[in-house]
Amino acid sequence: MTTAINLLDFDLEGLVAWCGQLGEKRFRATQLFRWIHQKGVSDFAQMSDLAKSLREKLAGVAVVEPLPVVSQHMSADGTIKWLFDVGDGNAVETVFIPETDRGTLCASSQAGCAVGCRFCSTGHQGFSRNLTTGEIMAQLWFAEHFLRKHLQTDERVISNVVMMGMGEPLQNYGALVPALRTMLDDHGYGLSRRRVTVSTSGVVPMMDRLSQDCAVALAVSLHAPNDALRDHLVPLNRKYPLAELMQACQRYLDFAPRDFITFEYCMLDGVNDQPEHARQLIELVRTSGKGAWCKFNLIPFNPFPASGLKRSSNAVVQEFGRLLNEAGIVTTVRKTRGDDIDAACGQLAGDVKDRTRVEQRIVLQRKADTALKATDEGVRGS
Ligand code: SF4
């Protein structure tokens with residue numbers, strides 16, 4: 001038995017090469033790519049301008065395989081969170097955040113994460129496995145075409161993608177880059193490099209590779225102004241300390257589509273939110289690069305029991321932001337979105353106890369699907 005190839009695993013060049021093995025020319029692969037990504041069609045029989053011979057060839061050997069949806073929650077503010085089943089009791093989360101001038105999808109790159117940041121519920125779950133390119137793309141593919149149907153539009157709904165969901169994207173580099181290329185491809189989603197952001201905890205060698213292979217906007221999870229504190233909060237810092245990370249940011253800027261790096265900074269009560277920390281950050285920024293080369297995004301922490309950490313008060317967050325802004329560092333405070341569906345950053349993975357709940361939900365969903373299929377078949381058979 002041969003396993004069908006999932007065409008979501010290919011960027012355009014990959015699909016051209018694969019179609020070449022079937023004796024098909026580049027323009028056929030491009031047509032196929034457009035049907036899949038621009039029109040959201042997974043049934044080859046519906047790809048009306050593809051040669052019939054190609055459609056028949058594809059039907060035997062390839063699929064466009066979406067991820068099963070375990071759950072979908074819509075927040076009162078329009079935020080939508082999906083939980084996707086990636087097999088073996090693992091699930092990943094994807095969040096759509098609508099704003100007046102854009103629609104942002106926050107996508108996952110791994111089931112779990114090996115970095116183990118202290119304030120992150122995904123980090124507390126541990127690492128299960130890397131997602132494939134197809135599994136990364138399936139999140140965008142599903143969300144974009146679901147939203148078009150839901151909003152009854154043919155226009156593109158998702159204008160920005162941030163790889164800030166579960167996982168450290170740069171520790172799944174091989175699968176990430178073809179996914180990014182598909183997002184940017186004019187025959188795919190046609191997103192500009194400025195509107196696709198990879199968020200990393202600071203995997204220095206891969207930051208350098210990304211700058212060469214597919215330089216999209218870069219966000220760095222900083223969370224601490226000195227090595228002692230960052231070693232504790234973001235354990236990867238022990239491997240790539242701040243001085244190295246700052247140098248890597250400067251190198252990236254030579255190729256970046258934006259002229260700044262965004263630093264994410266999760267505000268933790270009494271841990272990293274004091275005026276002294278702000279002063280250390282200002283010093284770090286000044287000594288690491290020239291001019292206004294970075295922006296800060298302060299993130300109100302979403303507490304979960306296993307973290308033992310608390311959210312900084314609004315007043316403390318505002319004061320911290322004021323100190324940075326006064327020093328000439330553009331600083332914003334992230335709005336919390338989708339609080340009613342646990343979709344805010346840091347809760348993306350659900351809380352740690354949720355792992356059993358995820359597994360139970362997947363089992364329940366499978367049972368429901370089987371029951372539905374049996375009913376369907378019964379109806380068709382009658
Ligand atoms: S913050 Fe990002 S890198 Fe750190 S544990 Fe969470 S998912 Fe992994």
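Looking up the chain in an unreviewed UniProt entry gives the name Dual-specificity RNA methyltransferase RlmN, with the organism given as Brachymonas denitrificans DSM 15123. As its UniProt record puts it under Subcellular location (unreviewed entry), the chain is described as follows: "Cytoplasm". Quoted verbatim from the Sequence similarities (unreviewed entry) field of the UniProt record, the comment on the chain reads "Belongs to the radical SAM superfamily. RlmN family."

Novice: Which parts of the structure should I look at to understand the overall build of the chain?
Specialist: If you tally the helices and strands in the chain, you get 12 helices and 14 strands. The burial tally for the chain puts 46% of its 382 residues in the buried class. Residue pairs at least 24 apart in sequence account for 67% of intrachain contacts in the chain once pairs closer than 6 positions are excluded.

Novice: So what exactly am I meant to see when it comes to the environment of Trp82 here?
Specialist: You can see Trp82 is positioned in strand β4 (residues 80–87). Taking the C-alpha atoms as reference points, Trp82 and Thr94, 12 residues apart in sequence, are found 5.3 Å from one another. Not counting residues up to four positions away in its chain, the partners in contact with Trp82 are Val69, Gln72, Glu93 and Thr94.

Novice: Before we go on, may I ask you to explain the sheet that holds β4 in this structure?
Specialist: Two modes of strand pairing occur in sheets, parallel and antiparallel, and in both the strands are linked by backbone hydrogen bonds. The strand order across the open sheet built from 10 strands is β3-β4-β5-β6-β9-β10-β11-β12-β13-β14, with neighbouring strands paired in mixed fashion. At either end of the open sheet lies a strand with only one pairing partner, and these are β3 (69–74) and β14 (331–333). Ignoring strand direction, the axes of neighbouring strands in this sheet form an average angle of 20 degrees. As judged from the 3 bridges shared by strand β9 (residues 160–163) and strand β10 (residues 196–200), these two strands associate in the parallel manner. Along β10, the bridge assignment pairs Val162 with Thr197.

Novice: When you look at helix α11 (residues 314–326) in this model, what are you seeing that I'm missing?
Specialist: One full turn of an α-helix is made of 3.6 residues, so residues set three or four places apart face in the same direction. With 13 residues, α11 ought to run about 18 Å at 1.5 Å a step, and its terminal C-alpha atoms sit 18 Å apart, in line with that. Those residues of α11 lying buried are Val317, Phe320, Gly321 and Leu324. Along α11, the residues classed as buried sweep out an arc of 95 degrees about the axis, all on the same side. What points out from α11, more than 90 degrees from its buried face, is the exposed set Ala315, Arg322 and Glu326.

Novice: Explanation requested: the UniProt feature "active site" (unreviewed entry) in the chain in the structure shown.
Specialist: In this structure's numbering, the residues bearing the UniProt feature "active site" (unreviewed entry) are Glu93 and Cys345. When you line up the elements, Glu93 lands in strand β5 (residues 90–99).

Novice: Could you clarify how one ought to interpret unusual backbone geometry in this entry?
Specialist: Glycine aside, residues mostly have negative phi, and peptide bonds are mostly found in the trans state. Despite not being glycine, Gln152 has its phi angle at roughly 50 degrees, a positive value. One non-glycine residue, His223, lies in the positive phi region at around 70 degrees. With respect to the secondary-structure elements, His223 resides in the loop between β11 (217–221) and α8 (227–233).

Novice: Would you take a moment to explain the pairing of β3 for this structure?
Specialist: Look at any regular strand and the pattern is simple: side chains alternate between the two faces of the sheet. Where β3 meets β4, 5 bridges bridge the pair, whose relative direction is antiparallel. Its bridge partner being in β4, Gln72 is matched across the sheet by Trp82. Hairpin connection of β3 to β4: 5 residues between the antiparallel strands, including Gly78 at a positive phi of 95 degrees.

Novice: Quick question: what am I supposed to make of the environment of Glu326 here?
Specialist: Inspection of the secondary structure puts Glu326 in helix α11. Assessed through the 11 C-beta atoms surrounding it within 10 Å, Glu326 is described here as exposed. Along the sequence, Glu326 and Ile282 sit 44 residues apart, while their C-alpha atoms lie 10.0 Å from each other.

Novice: Teacher, can you tell me more about the packing of helix α5 (residues 133–151) against helix α6 (residues 173–184) here?
Specialist: Pairs of packed helices are described in terms of their axes, by the angle between the two and the distance that separates them. Interaxial distance between α5 and α6 falls to 8 Å at its minimum, and their mutual angle equals 35 degrees. When the axes of α5 and α6 are compared, the crossing they make is right-handed. Of the residues in α6, those in contact with Thr133, Ile136, Met137 and Leu140 of α5 are Ala175, Leu176, Pro178, Ala179, Thr182 and Met183. Taken together, the residues of the contact of α5 with α6 break down into 8 nonpolar, 2 polar and no charged.

Novice: Looking at this model, I keep getting lost on the packing of helix α10 (residues 275–288) against α11. Mind explaining?
Specialist: Taken N-terminus to C-terminus, the directions of α10 and α11 make an angle of 30 degrees; their axes are 10 Å apart at the nearest point. Put simply, α10 runs roughly parallel to α11. Along this stretch, α10 crosses α11, giving a crossing that reads as right-handed. Residues Pro275, Ala278, Leu281 and Ile282 of α10 touch α11, and the partners they reach there are Phe320, Leu323 and Leu324. Here the contact of α10 with α11 is composed, by residue class, of 7 nonpolar, no polar and no charged.

Novice: Is there a simple way to think about the nonpolar core in this case?
Specialist: A general trend in soluble globular proteins is that nonpolar side chains are found buried together. If you look at the biggest cluster of nonpolar residues, it comprises 99 residues, and the most contacted ones within it are Leu140, Val161, Met183 and Met267. It is α5 that provides the largest number of residues to this core, a total of 6 residues. Among the domains, domain 1 (5–63) and domain 2 (69–358) are the pair contributing at least three residues each to this core. With near-sequence residues (within four places) excluded, Val161 lies in contact with Leu105, Ala107, Leu140, Met183, Leu191 and Val196.

Conventions we followed
- Residues numbered from 1 in each chain as written.
- Predicted model: local features only at pLDDT ≥ 70, side-chain atom pairs only at ≥ 80, totals over all residues.
- UniProt positions renumbered as here; feature names shortened; annotations may be inferred.
- Helix = DSSP H or I, 4+ residues; strand = E, 2+ residues; numbered from the N terminus.
- Buried ≥ 20, exposed ≤ 12 C-beta atoms within 10 Å, placed from the backbone.
- Contact = placed C-beta atoms within 7 Å.
- Pairing = 2+ DSSP bridges.
- Axes fitted to C-alpha atoms, helices over the stretch in contact; angles between N-to-C directions.
- Expected span 1.5 Å × (residues − 1).
- Arc of directions from axis to C-beta.
- Left-handed = near helix turned anticlockwise from the far one by under 90°.
- Nonpolar A, V, L, I, M, F, W, Y, C, P; charged D, E, K, R; others polar.
- Parallel < 35°, antiparallel > 145°, perpendicular 65-115°, else oblique.
- Core = buried A, V, L, I, M, F, W, Y, C linked by C-beta atoms within 7 Å.
- Domains from an automatic or database assignment.

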